[in-house]
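# Geometric and topological summary
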Protein chains: 2
Amino acid sequence: MSATETELVKYFAAKGGLSAARFPIGIGDDMAQVKLPGGGSVLITTDMLLDGTHFDTKKASPEQIGYKAMATSLSDCAAMATIPLAAVVAVALPRNFGEGKLKRLHKGILKTAKKYNCPLIGGDMTSWSKSLAINVAMLSIVGATKPVKRSTAKVGDVICVTGSLGGAIVKRHFEFIPRIKESLVIAKAGASAMIDISDGLSTDLNHICRLSKKGAIVEAARIPVSREAKKFAEPLKSALNDGEDFELLFTISQKNFEYLKKHWRFNGKLTAIGKITKSGAVKIKMPGNRIADLLPCGFDHLRKTK
Amino acid sequence: MSATETELVKYFAAKGGLSAARFPIGIGDDMAQVKLPGGGSVLITTDMLLDGTHFDTKKASPEQIGYKAMATSLSDCAAMATIPLAAVVAVALPRNFGEGKLKRLHKGILKTAKKYNCPLIGGDMTSWSKSLAINVAMLSIVGATKPVKRSTAKVGDVICVTGSLGGAIVKRHFEFIPRIKESLVIAKAGASAMIDISDGLSTDLNHICRLSKKGAIVEAARIPVSREAKKFAEPLKSALNDGEDFELLFTISQKNFEYLKKHWRFNGKLTAIGKITKSGAVKIKMPGNRIADLLPCGFDHLRKTK
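Note that the structure is a prediction, hence the values are computed from the model and not measured.

Calculation notes
- Residues numbered from 1 in each chain as written.
- Chains lettered and ligands numbered in written order.
- Predicted model: local features only at pLDDT ≥ 70, side-chain atom pairs only at ≥ 80, totals over all residues.
- Pairing = 2+ DSSP bridges.
- Helix = DSSP H or I, 4+ residues; strand = E, 2+ residues; numbered from the N terminus.
- Axes fitted to C-alpha atoms, helices over the stretch in contact; angles between N-to-C directions.
- Contact = placed C-beta atoms within 7 Å.
- Buried ≥ 20, exposed ≤ 12 C-beta atoms within 10 Å, placed from the backbone.
- Domains from an automatic or database assignment.
- Nonpolar A, V, L, I, M, F, W, Y, C, P; charged D, E, K, R; others polar.
- Least-squares fit on C-alpha atoms with pLDDT ≥ 70 in both.
- Arc of directions from axis to C-beta.
- Core = buried A, V, L, I, M, F, W, Y, C linked by C-beta atoms within 7 Å.
- Parallel < 35°, antiparallel > 145°, perpendicular 65-115°, else oblique.
- Left-handed = near helix turned anticlockwise from the far one by under 90°.
- pLDDT = per-residue confidence, 0-100.

## Description of the sheet that holds strand 6 (residues 158-162) of chain A
Across a sheet, paired strands are connected by hydrogen bonds in the backbone, their directions being either parallel or antiparallel. Residues and elements named next belong to chain A. On the basis of which strands lie adjacent, the open sheet formed by 7 strands has the order 7-9-6-10-8-11-12 and mixed pairing. Single-partner strands in this sheet number two, and they are strand 7 (193-196) and strand 12 (291-293). Averaged over all pairs of adjacent strands, the angle between strand axes in this sheet comes to 25°, irrespective of strand direction. Relative to strand 11 (residues 282-285), strand 8 (residues 215-219) is paired through 4 bridges, and the arrangement is parallel. The residue of strand 11 that forms the bridge with isoleucine 217 is lysine 283. Packing of helix 4 (residues 180-188) onto the sheet brings it into contact with strand 6, strand 7 and strand 9 (248-252), and relative to strand 9 it is tilted by some 10°.

## Focus on the pairing of strand 11 (residues 282-285) of chain B
All names here are of chain B. A one-sided burial pattern is seen for strand 11, the buried positions being Val282 and Ile284 and the unburied ones Lys283 and Lys285. Relative to strand 12 (residues 291-293), strand 11 runs antiparallel, the two sharing 3 bridges. When the sheet's bridge partners are listed, lysine 285 is paired in strand 12 with isoleucine 291.

## Considering the domain arrangement of chain A
Residue and element names in this part refer to chain A. One can read the domain layout of chain A as domain 1 (5-142) and domain 2 (158-293). Each of domain 1 and domain 2 has a C-alpha centre, and the two are 23 Å apart. Listed as interface residues are 16 residues of domain 1 and, on the opposing side, 16 residues of domain 2. Sort the elements by how many residues they give to the side of domain 1 that touches domain 2 and helix 2 (residues 62-79) lands first, with 10 residues. Class assignment of the residues belonging to the side of domain 1 that touches domain 2 gives a composition of 10 nonpolar, 3 polar and 3 charged.

## With respect to the pairing of strand 1 (residues 32-35) of chain A
Bridging between strand 1 of chain A and strand 2 (residues 41-50) of chain A involves 4 bridges; their strand directions are antiparallel. Pairing of alanine 32 of chain A across the sheet is with isoleucine 44 of chain A, part of strand 2 of chain A.

## Quick word on the sheet that holds strand 4 (residues 120-128) of chain B
Residues and elements named next belong to chain B. Pairing is mixed in the open sheet, where 5 strands are placed in the order 1-2-5-3-4. Edge positions in the open sheet fall to strand 1 (32-35) and strand 4, since each of these has one partner strand only. Strand-to-strand twist across the sheet, computed as the mean angle between neighbouring axes with direction ignored, equals 20°.

## What about the interface of chain B and chain A?
Between chain B and chain A, the residue contacts involve 57 residues of the former and 57 residues of the latter. Of all elements in the fold, only helix 1 (5-16), strand 1, strand 2 (41-50), strand 3 (82-94), helix 3 (99-115), strand 4 and strand 5 (133-142) of chain B reach the threshold of two or more residues within the side of chain B that touches chain A. Here the element with the most residues in the side of chain B that touches chain A is strand 4 of chain B; it accounts for 9 residues. Its residues assigned to classes, the side of chain B that touches chain A shows 31 nonpolar, 20 polar and 6 charged.

## Section: the relation of the copies chain B and chain A
Mapping chain B onto chain A leaves a residual RMSD of 0.0 Å; the transformation is a rotation of 180° accompanied by 0.0 Å of translation along its axis. Such a combination of turn and shift is consistent with a two-fold rotation axis. When you check the interface residues of chain B against chain A, 100% turn up at the interface there too, and the contact is symmetric in its surfaces.

## Observations concerning helix 4 (residues 180-188) of chain B
Residue and element names in this part refer to chain B. Residues of helix 4 that are buried include every one of Ile180, Glu182, Ser183, Ile186 and Ala187, and no others. Along helix 4, the residues classed as buried sweep out an arc of 155° about the axis, all on the same side. Taken together, the buried residues of helix 4 touch helix 2 (62-79), strand 3, strand 6 (158-162), strand 7 (193-196), strand 9 (248-252) and helix 8 (254-263). Of the residues trailing helix 4, glycine 190 is marked for its positive phi of about 105°.

## A few points about the nonpolar core
One finds Ile44 and Ala87 of chain A together with Ile44 and Ala87 of chain B to be the most contacted residues of the largest nonpolar core, which totals 196 residues. Apart from the residues lying within four places of it in its own chain, the contact partners of alanine 87 of chain A are Met70, Ser73, Ala113, Cys118, Leu120, Ile121, Val136, Ala137 and Met138 of chain A.

## So, unusual backbone geometry
Residue and element names in this part refer to chain B. At lysine 213, a position not held by glycine, the phi torsion is positive, near 55°. Along the chain, lysine 213 turns up in the loop between helix 5 (201-212) and strand 8 (215-219). With a phi close to 65°, asparagine 289 is a non-glycine residue in the positive phi region. Here asparagine 289 shows up in the loop between strand 11 and strand 12.

## Things to note about the packing of helix 2 of chain A against helix 3 (residues 99-115) of chain A
A packed helix pair is summarised by two numbers, namely the angle formed by the two axes and the spacing between the axes. Residue and element names in this part refer to chain A. Two elements in contact, helix 2 and helix 3, have axes separated by 7 Å at closest approach and are oriented at 40°. The angle between helix 2 and helix 3 places the two elements in the oblique class. In this structure, helix 2 crosses over helix 3, and the sense of that crossing is right-handed. Counted together, Pro62, Glu63, Gln64, Ile65, Gly66, Tyr67, Ala69, Met70 and Ala71 of helix 2 and Lys101, Arg104, Leu105, His106, Lys107, Gly108, Ile109, Thr112 and Ala113 of helix 3 form the full contact between these two elements.

## Quick look at the confidence of the model for chain A
Detailed reading of the predicted coordinates is not advisable wherever pLDDT falls low. On average, chain A scores 95 in pLDDT, and the residues at 70 or more come to 98%. In the model output, the complex is listed with pTM 0.96 alongside ipTM 0.96.

## Some details on the environment of glutamine 254 of chain A
Of note, glutamine 254 of chain A is situated in helix 8 (residues 254-263). Separated by 213 residues in the primary sequence, glutamine 254 of chain A and serine 41 of chain A have C-alpha atoms spaced 31 Å apart.

Written as structure tokens, this is what we have:
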């Protein structure tokens, strides 16, 4: 594919010509929002997880795969600061998958659905001669605030992340906690923009900046590097680019950040890693105060081969 | 897979334990219905279409594949007599798929979305070393009537189909018209149960009867066999079992049927093919008045290899 995923999403969004009145949030955010004719709205996201890319059926249990499929979409609900409502799941099953494994996959899905009060309400299944593919489409509703978009960061805002980053591939990508509760608190404190880190901090921060038409400067020394990433040869690189952390990356005014920090009651920490700037560039202050470009070097679903 | 698709859906529905107040229609119908906390409701369906099963990328154009993916879900909206609202599409792209083909696939989706006033509002894409998989999740809203379920056929009801059946594989499975408008008129006339014929008349009528806890008797001589199927060695068998007709199969009282027939203004014909009976068996009156079991011999997504 010659175009990047980002370029194609931009193309699709431009071609769509969606009515902003009917669809306040359209293509290019973590979820799309649909106004209902009778009043109110719902949000929807869809994620397809593939054997060999998002999981490896030779290593991961069906329950783990079910968990990850649901948790990935739940994390999208969190990224918008919305409340999960229900999910439908479609699976393409390898011919030899077997009833036992399918029931275990379902078990993983159902357990996650119950834990997050987001019932599995329908689905679709087909078998084929290829590998396992699983698609979750999830609905959510707005909480106490409007959904928090990617495109609304403001100059001077603090850039924050929840938890720690990097090395999710070791284990955490099957065990991450969708930050639903955290996101609702963050939104209530006044977050201006938000995304979940699925493709890697570098890529996802670039998404926020590009869509908000702003720049950013982050400090390498402040980035919360995970325990797993610290064991890697290049921990910082891992924290910046690995992806699948499913932590929240958001922007918020300095004042609101202070308030949020003071009232933060969750296990995962909250870290300010930089500021939103006027310029369109996304920069990083490296050790020794060298300023470098922070290029989107995370996961591009159309480019990288895992 | 030792269990049939029907058995597994039953298992998943039993395990789900959905609240009927929050989810008036759950697992096992053409769409699921979600009540919204603020009032109103939406319905949702998900369908994954796979290369080698639902289409063949060597023969079908990307535009045709895009059309079929959307039209399949639109047909689910019709099966419930609901109004399409919006769709999200996820694709797993073969590595060599290329930007040109992706844009043509998108074009097919977009054209269909516009035609049926059901905008594409979001999506997901990943490339992998396997074949093309495309998932459409679609939202709809209720029309002038309640959604028409599969499980509410009544004894004595006339069994009806729109259009003609069989041989869709020749061409029609890329060109069928989702019966949205027809379905709203059918529901308004008082249809008691409805399904779209995706797996074949024999299988889909068995779905209605099993879920309604009723039986049926259809007359072979009345079944509207398509022009394509008439060229086959066994036209009736084709009309009963081929599937992917995406016509509507519904039940309605004799009185309401007369009314509907009188006011039918659509191109596709309307045919009464039998009656709903008390017994749990689904029967067919063959030429020479021989009564046979009409077994669900259509497409089982977990069994057949195409």
